[in-house]
Amino acid sequence: MPYLFVHFKEKITPDGEQVYFGVSRDGMNWEEVNAGNPILTSTKSEKGCRDIEIVRLHKGGFVIITTDLCIAYRMDENYNVDWKKVNSSGSKRLCMWRTDDLVNFSEQEFIYFGRDDFGCLWAPEVFFDEENEEYLIHWGSTVAEDNFTHMSIYCSTTKDFRSFTEPKLYFTKKNEILDSHITKVGDTYHLFYKNSSDPPMNMHATSKKLYGPFEHDEAFEEYMDKEIPNPGLYEGPTTYTLPDGRWCLMLDFFGCAKEKMGYVPFVSACPGDANFSRADEEFSFPYGFKHGKVIEITDEEYERLKESF
């Protein structure tokens, strides 16, 4: 059961903030694609790609969506960044590419949701709603109404990635939240997200309905608080099932030098079981994979990627 990991790299040069591929036969030992060089490079708008998302379309083909942003271009001479400015004037649209085979790609496109009051569209993810045969796109944003001071999760739906519904609020709390990841196991929807404060750490909530309400998982919060040093230094959750049936939660660690940042794996007994344990020793990466998405691919797709890049 091969896997594809789409991601970016955290660097002080723009080449890191582009679309990279990693592949694995077992979901644990990863190797670079294209000799560790970008698969896709943004040449328009902010000229960068962060928070890489890929979705396999139910009618065939794939769509890749990213935050339209390059932090390297926004650094001053001392590599400092004005994050308040980023959150009020950063990614106003999302980057998008289409592909039928993961090798040949469309021209770079942009998704505009028809609202100019978003400060920055962070970390887009896509969930396929089988019941309505439509895709739920969700992301983190601040808005002009509160002077870009509070980040919440917003959403829009589409059936074809050409027309989109008017964005609406999906999930919010008193404190800022970001980096939402939604997956469904059985009849339960699992929402993973990052609390920016009170306390700053990744959270888990569940619901029987896609649009909530969601019930907070106290046990997951307790684990994050007691078992993980500096839990506020992790973000960008993504999950997938390993070949042996275990559930893998990847959290993106950013509390170190840029070139050393990357995902840290946690595993549980089976999908839906949020009793995770850290499992660094079972996993290997050729370099730091930053904020991305893991999907299962076929043997044919795996071989094609290996042969084409």
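Right above here is the structure, for reference.
The structure presented is a predicted model; accordingly, all values stated were derived computationally and were not measured. (Residues numbered from 1 in each chain as written. Predicted model: local features only at pLDDT ≥ 70, side-chain atom pairs only at ≥ 80, totals over all residues. Heavy atoms only, no water.)

Examining the overall build of the protein
Looking only at helices and strands, the protein has three helices and 20 strands in total. Rg of the C-alpha trace for the protein: 18 Å, near the compact-globule value of 19 Å for 309 residues, within the 12% margin. Structurally, the protein occupies a C-alpha span of about 50 × 45 × 45 Å along its principal axes. When each of the 309 residues of the protein is scored for burial, the buried share is 55%. (Helix = DSSP H or I, 4+ residues; strand = E, 2+ residues; numbered from the N terminus. Rg over C-alpha atoms; globule rule 2.2 N^0.38 Å. Buried < 20%, exposed > 50% of the residue type's maximum accessible area, 1.4 Å probe, protein only.)

Comments concerning the pattern of salt bridges
Counting across every chain of the model gives 19 salt bridges. One salt bridge in this structure joins Arg50 and Glu10, with 3.3 Å as the shortest N-O distance. Taken together, the residues span a long stretch of sequence, with Arg50 in strand 4 (residues 49-56) and Glu10 in the loop between strand 1 (3-8) and strand 2 (20-24) at a distance of 40 residues. Overall, the relative accessible area of 9% leaves Glu10 in the buried class. One salt-bridge network, held together by shared partners, links Glu10, Glu17, Arg50 and Lys258. (Salt bridge = Lys/Arg side-chain N within 4 Å of Asp/Glu carboxyl O.)

Regarding the sheet that holds strand 17 (residues 247-253)
One open sheet holds the four strands; their spatial order is 16-17-18-19, and the pairing between them is antiparallel. If you trace the sheet from one side to the other, it starts and ends with strand 16 (234-241) and strand 19 (277-278), each paired once. Here strand 17 runs beside strand 18 (residues 262-268); their pairing, made up of seven bridges, is antiparallel. Bridge pairing in strand 18 places Cys248 opposite Val267. (Pairing = 2+ DSSP bridges.)

Let's talk about the sheet that holds strand 4
Here we have four strands laid out as an open sheet, ordered 4-5-6-7, and antiparallel in their pairing. Sheet topology places strand 4 and strand 7 (109-111) at the edges, where each strand pairs with a single neighbour. Within this sheet the neighbouring strands show an average axis-to-axis angle of 30 degrees, counted without direction. (Axes fitted to C-alpha atoms, helices over the stretch in contact; angles between N-to-C directions.)

What about the environment of Pro265?
Summarising the element assignment, Pro265 is placed in strand 18. Residues Pro265 and Ser284 lie 19 residues apart in sequence; the distance between their C-alpha atoms is 9.7 Å.

Some points on the side chain of His181
Tracing the backbone through its elements, the reader meets His181 in strand 12 (residues 177-185). Within the structure, the side chain of His181 is placed 2.8 Å from the side chain of Thr239, a separation counted as a polar contact. (Polar contact = N/O pair within 3.5 Å; in protein donor to acceptor, adjacent residues only side chain to side chain.)

Quick look at the nonpolar core
Of all hydrophobic cores here, the largest spans 30 residues; its most connected members are Tyr170, Phe171, Phe266 and Phe276. Looking at this core, the elements that each hand over two or more residues are strand 10 (152-158), strand 11 (168-171), strand 12, strand 13 (188-195), strand 14 (202-207), helix 2 (218-227), strand 17 and strand 18. Judged by nonpolar contacts, the second largest core, of 21 residues, contains Val6, Val33, Trp97 and Leu305. (Core = buried A, V, L, I, M, F, W, Y, C linked by side-chain atoms within 4.5 Å.)

Side note on the packing of aromatic side chains
Per the stated rule, a full pass over the model turns up 29 aromatic pairs. Summarising the aromatic geometry, the rings of Tyr3 and Tyr240 are spaced 5.4 Å apart at their centres and angled 55 degrees between planes, so their arrangement reads as tilted. A residue pair is termed long-range when its members are at least 10 positions apart, and Tyr3 in strand 1 and Tyr240 in strand 16 qualify at 237 residues. Both residues of the pair, Tyr3 and Tyr240, count as buried. (Phe/Tyr/Trp six-rings, centres within 6.5 Å; stacked < 30°, edge-to-face > 60°.)

Structural notes on the pairing of strand 20 (residues 290-296)
For a regular strand, side-chain orientation follows a simple rule: the groups alternate between the two sheet faces. Burial within strand 20 is extensive, with six of its seven residues counted as buried. Bridge count for strand 1 against strand 20 is five bridges, and the pairing is antiparallel. Bridging from a neighbouring strand, Leu4 pairs with Ile295 of strand 20.

Some thoughts on the side chain of Thr99
Positionally, Thr99 belongs in strand 6 (residues 94-99). A relative accessible area of 4% places Thr99 in the buried class. Within the local environment of Thr99, its side chain forms a polar contact with the backbone nitrogen of Asp101, the two atoms lying 3.2 Å apart. Within polar-contact distance, the side chain of Thr99 engages the backbone oxygen of Asn104 at 2.7 Å. What Thr99 contacts, discounting residues up to four positions off in sequence, is Gly61, Phe62, Asn104 and Phe105. (Contact = heavy atoms within 4.5 Å.)

In short, shape yes, function no, at least from these values alone.
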